[in-house]
Every structure is written in C-alpha cells, then in structure tokens.
Amino acid sequence: MKFVDRIDEAARLKDALAREKSSLVVMYGRRRLGKSTLIKRVLSDNDVYFLADRSEDQHQRTLLAKVIAQIFPDFDKLTYPDWESMFRAVNYRTDKRFTLCLDEFPYLVEQSSELPSVLQKLVDEKQLKYNLVLCGSSQNMMYGLFLDSTAPLYGRADEIMKLAPIRLPYIQEALSLDAMNAIEEYAVWGGVPRYWELRENRSSLDDALWRNILSVNGTLYEEPIKLFQDDVKDIVKTSTIMSYIGTGANRLSEIAARCNEPATNLSRPLKKLIDLGFLEKDVPFGIDEKNAKKSLYKIADPFMAFYYQFVVPNRSFIELGRRLPIEQALNAHFSEYVSMKWEKLCRDAVTGNLVNGVVYGKAKRWWGTVFNEDKKPEQVEFDVMAESLDKKYLLVGECKWTTRENGKQLTAELLRKANMLPFAKNYTIVPILFLKNAPKDDVGNAILPENVVELMR
Ligand SMILES: Nc1ncnc2c1ncn2[C@@H]1O[C@H](COP(=O)(O)OP(=O)(O)OP(=O)(O)O)[C@@H](O)[C@H]1O
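- An unreviewed UniProt entry lists the chain under the name ATP-binding protein, with Butyricimonas faecihominis as the source organism.

As structure tokens, this is what we get:
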C-alpha cells in the first residue's frame, strides 16, 4: 500500500531533529497508527532506530549496542553495565549529530525504572551531542513519563507528538476507492493504516471482514483486547463497558444499570476511554459538554464501534464458525451502522470549514422537545447543527445513507423542524442535506460523499 498523509508530522519531526542543539522528541499514540513507519521515513542511514521488547535490560543493551555498531564500528565489543554508561559512550563516539530512536520506550522503562532519571540527568547537563526520539504505544505510560508534572522527564522534551488516526481522504487514496466506498470502508477500519493494509490484501470489504474480524483466526479478532493491554488495568471491565455502549446503552444511568454499579464508579473508566480516543461524549448543540444528564456516550473509534456491534454479540457463532446469524445481522444493520458513521463524518466535515461561503464552528447533533404549529410538544432531532463563526447563520443538516431521496421534501421538513427551535429566530437558517446519492430532484443544498471527502482534506 502506498504511504499516505503524515506530511505535517514528518515536517515537524524533521524540523525538531535539525535544530542547532540536540533535541529530545517524544512520539506516542495508539498501536498500528504508523509511528514507527513515520520515524523510519524521517531517519537516515546515519541514524539509529531500535525497537525495544520486554526482555531484561542487560539483554536490551546488548541488542542496542549491536544496532549502534552499524554507525560506530565495534561499539558492541564493550559491555555496558547500565544505561548511563551506554548513553555516555554514545556521546563520546559522536562526532556529528545523529538521531537515536528508542521505539517502545515504555518497555525499556518497565525493565529499568531508573531510565527516565538517567535521561533527565543527561538532558539537564546539556552535553548530549545526539538527538533522542522516544516512542511508545502505551498512551498512559508516555503520559506518565513526560506530561505528568512529577515525572523526571516532565518539561524536558523539545517536541511531544501524539499521532492521530489518518483522515478520511487518505483511505480513498491508499485503497484507490470512490468517495462512497471510502466512507463505507472508513466506517469499519477508521484511520488506522495497518487495518487498511489488511483490507487491501482482500478482494472486497466483505471478504476482509470475514477473514480479519469475523473469524477466530482473524488478525483483528482480539484486537480491542490487545489495544487495552497497553493502557487499561481492568480489561474485563473496560470491554464490558464498551460492549454495553456499542449495543446501545448510551446514557450514564443505562451503562451503570447494565454494569450493576453506581454511576459514580464509572466516571473514571469512562473518562479514561475518552482520553484514549475510544469513546466520546455526545452533547446536543448549545449544551455545556459537562452536562452529565444530556450526555450520551458513544464509541468514537470506527473499528471499535464495528467490533462491539457485530463481533462481540456474535462471538459464540464466530467461535463455532456459523456464518448465517452474522450474515443476517450484517444484512439487517450494516447500512444503518454506516449511516451513523456518515453522520459523524458530516459533522466533522462541517466543523471549522467553509460551507456554501460561510465558516462554521463545531458541528454537533441536537435533540430535544419543541412546540409545533398546534402548540403540541414534539421530539425532534438534527443530525448536524452548527453556528457560523459570525453567529449569523445556523446550519441544520439531515444525513441519509440510502438510495435517492426527495430533496425538496427533506428540506421542507428540515425547515419546519428548525423553525420550531426556540433559538431559531436568532439566526438565518441554512438547511443542508448530506446524502449518499444526489437527490431525485436537484435541490441544490445537497452535500455528497465526494464533497465530504473534499471538506476533510
Ligand atoms: N502513512 C501511512 N501510509 C500507508 N501505510 C502506513 C502509513 N503509516 C503506517 N503504515 C503501515 O501501517 C502499518 C503499521 O505501521 P507502524 O508499525 O509504523 O505503526 P506503529 O504505530 O508503530 O504500530 P505499533 O505500535 O503496533 O508498532 C505498517 O505496516 C505500515 O506499513
């Protein structure tokens, strides 16, 4: 698969490594996002890249010495009793600046708890002649090592880079898809390039699902557990919470009831899952994010959302190799699943972007009770709602992931609902349809998959 995106990240890393003084760069982020690949692309043959494992520290130093010997001959002929002597020996041999990258740095710290203090000492002495890049997948540990104010390396990094998932337009480029298929595939694999590679090796999305996720031998069959191993203590509880949310328990009270625990016990694990990027809080437009009553918890990561909706409830069928019930579940709900992801992509596309000549702030959903023409209460919902930065316009959007719609009818209904909103009079209402296909009647206010891909570039 061709390498895509990461232009800004690569530039930032290159820049940090080319500064006048040697730099300490920290890179972290969820597994399989492409941290190692990005670093290796930026490093040259004069640099050293070392991938740590969980073996004991003397063994790791022996392995690292071997890699360093590729640029400093015979470096591995000596034995280094501790990390400090090894880093100082590298400094002694350095005549021109190079970069030493320690990938999976948290594994080294697991074996040698003194390592952060050793590095702190070396960095504080300002004598290091080489750059250090420290990389890791455990977001928890990387946070604890560099961003916690009590940690020895706190404030020592010249650059801290948290790698994010790759955005929608690049899956289209990597897998040569049309916009509609890019959205469908992104709904399953999200922005993780390793998953895109697994998909690329299969003839169709369906084939890739059955081979990689919906099979006990699939590479991704246990993937969430592997991801949690990096960062959460209680994997069973975490997985249980994700399952409940993935199958429709979205309010704190519902999740707590299903877990049979008081809601207060769940605030920490939920916050943790939000920090890790696996969950998000959905709050209606105009409501404070901290409003717990109005908040809905949703799975933020597309791959996880697919997994907890389609894999976990069907685990016993998958274990027995029974395809039929899973095929039925996919036939009945996959399209609806993609449509939820489509809504989210539409909101992301609008946020901070220029839509029909107007720039909008953060787009959210809106749901609530309004009073209709007959003064009767009515429950209404908007898939997308955003206020223009100049506060003059309110974009209200309806998303559909179905075959061709009647645009006039959808727009009229959107306007009818919007005009009942108590805050409608403060704005000029801008109705927008976000549709899978162009509407039967060309209403002119439709945004299609190719437009969303373009907006997300
Ligand atoms: N920007 C990219 N474009 C295309 N493919 C990529 C990109 N980045 C990474 N990949 C591919 O994705 C896979 C995972 O990348 P990589 O091993 O670098 O991730 P990582 O974040 O270091 O993962 P881990 O923490 O699991 O080691 C690799 O096989 C790589 O080829």
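### Comments concerning the overall build of the chain
Moving on, step 1. Tallying secondary structure elements over the chain gives 20 helices and 14 strands in all.
Moving on, step 2. The principal-axis extents of the C-alpha atoms in the chain amount to approximately 85 × 55 × 45 Å.
Moving on, step 3. Across the 457 residues that make up the chain, the buried fraction comes to 38%.
Moving on, step 4. In the chain, of all internal contacts separated by at least 6 residues, the share reaching a separation of at least 24 is 63%.

### Regarding the UniProt feature "domain: DUF234" (unreviewed entry) in the chain
Moving on, step 1. The UniProt feature table records "domain: DUF234" (unreviewed entry) at residues 307-405.
Moving on, step 2. From the first C-alpha to the last, residues 307-405 spans 30 Å; its make-up is 38% helix and 31% strand.

### As for the packing of helix H9 (residues 179-189) against helix H16 (residues 302-311)
Moving on, step 1. Orientation of H9 relative to H16, taken along the N-to-C sense of each, is 75 degrees, at an axis distance of 5 Å. With respect to their mutual orientation, H9 and H16 come out roughly perpendicular. For the pair formed by H9 and H16, the contact residues are Tyr186, Ala187, Val188 and Trp189 on the first element and Pro302, Phe303 and Phe306 on the second.
Moving on, step 2. Classifying every residue of the contact of H9 with H16 by side-chain character gives seven nonpolar, no polar and no charged.

### So, the UniProt feature "domain: ATPase" (unreviewed entry) in the chain
Moving on, step 1. Mapped onto this structure's residue numbering, the UniProt feature "domain: ATPase" (unreviewed entry) falls at residues 3-166.
Moving on, step 2. Within residues 3-166, the helical portion is 41% and the strand portion 15%, while the C-alpha atoms at the span's ends are 11 Å from each other.

### Considerations on the domain arrangement of the chain
Moving on, step 1. Each domain of the chain was delimited in the assignment, giving domain 1 (7-162), domain 2 (170-344) and domain 3 (348-455).
Moving on, step 2. The C-alpha centroid of domain 3 is placed 49 Å from the C-alpha centroid of domain 1.

### Observations concerning unusual backbone geometry
Moving on, step 1. In the Ramachandran plot, Ser176 falls in the positive-phi region, its phi being about 50 degrees despite a non-glycine side chain.
Moving on, step 2. In this structure, Ser176 sits in the loop between helix H8 (168-175) and H9.
Moving on, step 3. Although it is not a glycine, Asn356 adopts a positive phi angle of roughly 45 degrees.
Moving on, step 4. Here Asn356 lies in the loop between strand E8 (354-355) and strand E9 (358-359).
Moving on, step 5. Classification of Asn356 by C-beta neighbours within 10 Å gives exposed; the count is 11.

### A few points about the confidence of the model for the chain
Moving on, step 1. Averaged over every residue, the pLDDT of the chain is 94; the share at 70 or more is 100%.
Moving on, step 2. Predicted confidence in the chain is weakest over helix H7 (residues 139-146), with a mean pLDDT of 88, and strongest over H9, with 98.

### Some points on the nonpolar core
Moving on, step 1. In this structure, Cys346, Val350, Val384, Met385 and Leu395 are the most contacted members of the largest nonpolar core, which totals 77 residues.
Moving on, step 2. Here this core gets eight residues from one element, more than from any other, and that element is H16.
Moving on, step 3. Residues in contact with Leu395, not counting those within four places in the same chain, are Val350, Val355, Tyr360, Val384, Met385, Ala386, Val430 and Ile432.

### Looking at the sheet that holds strand E10 (residues 364-371)
Moving on, step 1. The five strands are arranged E10-E11-E12-E13-E14 in an open sheet whose pairing can be described as mixed. In this open sheet, the two strands that pair with only one neighbour each are E10 and strand E14 (446-447).
Moving on, step 2. Across two bridges, strand E13 (residues 428-435) lies against E14 in parallel orientation. Counted as the bridge partner of Phe434 is Ile447 from E14.
Moving on, step 3. On top of the sheet, helix H19 (residues 407-419) reaches strand E11 (377-387), strand E12 (393-400), E13 and E14; it is set at about 140 degrees to E13, its chief contact.

### Focus: the sheet that holds strand E1 (residues 24-28)
Moving on, step 1. Taking strand neighbours across the sheet as the criterion, the five strands line up as E2-E3-E4-E1-E5 in an open arrangement whose pairing is parallel. Each end of this open sheet is capped by a strand with a single partner; those strands are strand E2 (48-51) and strand E5 (159-162). Each neighbouring strand pair of the sheet contributes to a mean axis angle of 15 degrees, computed without reference to strand direction.
Moving on, step 2. Relative to the sheet, helix H1 (residues 7-17) contacts E1, strand E3 (99-103), strand E4 (131-136) and E5, its axis offset from that of E5 by approximately 160 degrees.

### Description of helix H18 (residues 324-350)
At 3.6 residues per turn, the α-helix brings residues three or four places apart onto the same side.
Moving on, step 1. Here H18 is 27 residues long and its end C-alpha atoms lie 39 Å apart, about the 39 Å a rise of 1.5 Å per residue gives.
Moving on, step 2. Of all the bends found along H18, the most pronounced is centred on His333 and spans about 50 degrees.
Moving on, step 3. Just beyond H18, the residue with positive phi is Gly352, at close to 70 degrees.

### Here's the deal with the packing of helix H12 (residues 223-231) against helix H13 (residues 235-246)
Moving on, step 1. Where H12 contacts H13, the two axes come as close as 10 Å, and the packing angle between them is 130 degrees. In this view, H12 runs oblique relative to H13, as classed from their interaxial angle. Regarding H12 and H13, the two cross each other, and that crossing is right-handed. Touching Pro224, Ile225, Phe228 and Gln229 of H12 are Ile235, Thr238, Ser239 and Met242, all from H13.

### Section: helix H11 (residues 205-213)
Moving on, step 1. Taken together, the buried positions of H11 are Ala208, Leu209, Asn212 and Ile213. Buried residues in H11, looked at end-on, bunch into an arc of 100 degrees, giving them a common side.

### Some points on the environment of Leu270
Moving on, step 1. Take Leu270: it is sitting in helix H15 (residues 267-275).
Moving on, step 2. For Leu270 and Glu405, which are 135 residues apart along the polypeptide, the C-alpha to C-alpha distance reads 38 Å.

### Quick word on the pairing of E13
Moving on, step 1. Summarising burial for E13: six of the eight residues are buried, a large majority.
Moving on, step 2. This β-α-β element, E12 to H19 to E13, shows right-handed connectivity.

### Here's the deal with the environment of Val232
Moving on, step 1. Assignment of secondary structure puts Val232 in the loop between H12 and H13.
Moving on, step 2. Measuring from C-alpha to C-alpha, the distance between Val232 and Gln139 comes to 9.9 Å, with 93 residues separating the pair along the chain.

Rules used in this analysis
- Residues numbered from 1 in each chain as written.
- Predicted model: local features only at pLDDT ≥ 70, side-chain atom pairs only at ≥ 80, totals over all residues.
- Helix = DSSP H or I, 4+ residues; strand = E, 2+ residues; numbered from the N terminus.
- Buried ≥ 20, exposed ≤ 12 C-beta atoms within 10 Å, placed from the backbone.
- Contact = placed C-beta atoms within 7 Å.
- UniProt positions renumbered as here; feature names shortened; annotations may be inferred.
- Axes fitted to C-alpha atoms, helices over the stretch in contact; angles between N-to-C directions.
- Parallel < 35°, antiparallel > 145°, perpendicular 65-115°, else oblique.
- Nonpolar A, V, L, I, M, F, W, Y, C, P; charged D, E, K, R; others polar.
- Domains from an automatic or database assignment.
- pLDDT = per-residue confidence, 0-100.
- Core = buried A, V, L, I, M, F, W, Y, C linked by C-beta atoms within 7 Å.
- Pairing = 2+ DSSP bridges.
- Expected span 1.5 Å × (residues − 1).
- Bend = angle between axes of the 7 residues up to and from the residue.
- Left-handed = near helix turned anticlockwise from the far one by under 90°.
- Arc of directions from axis to C-beta.
- Right-handed = clockwise from strand over helix to strand, strands pointing away.

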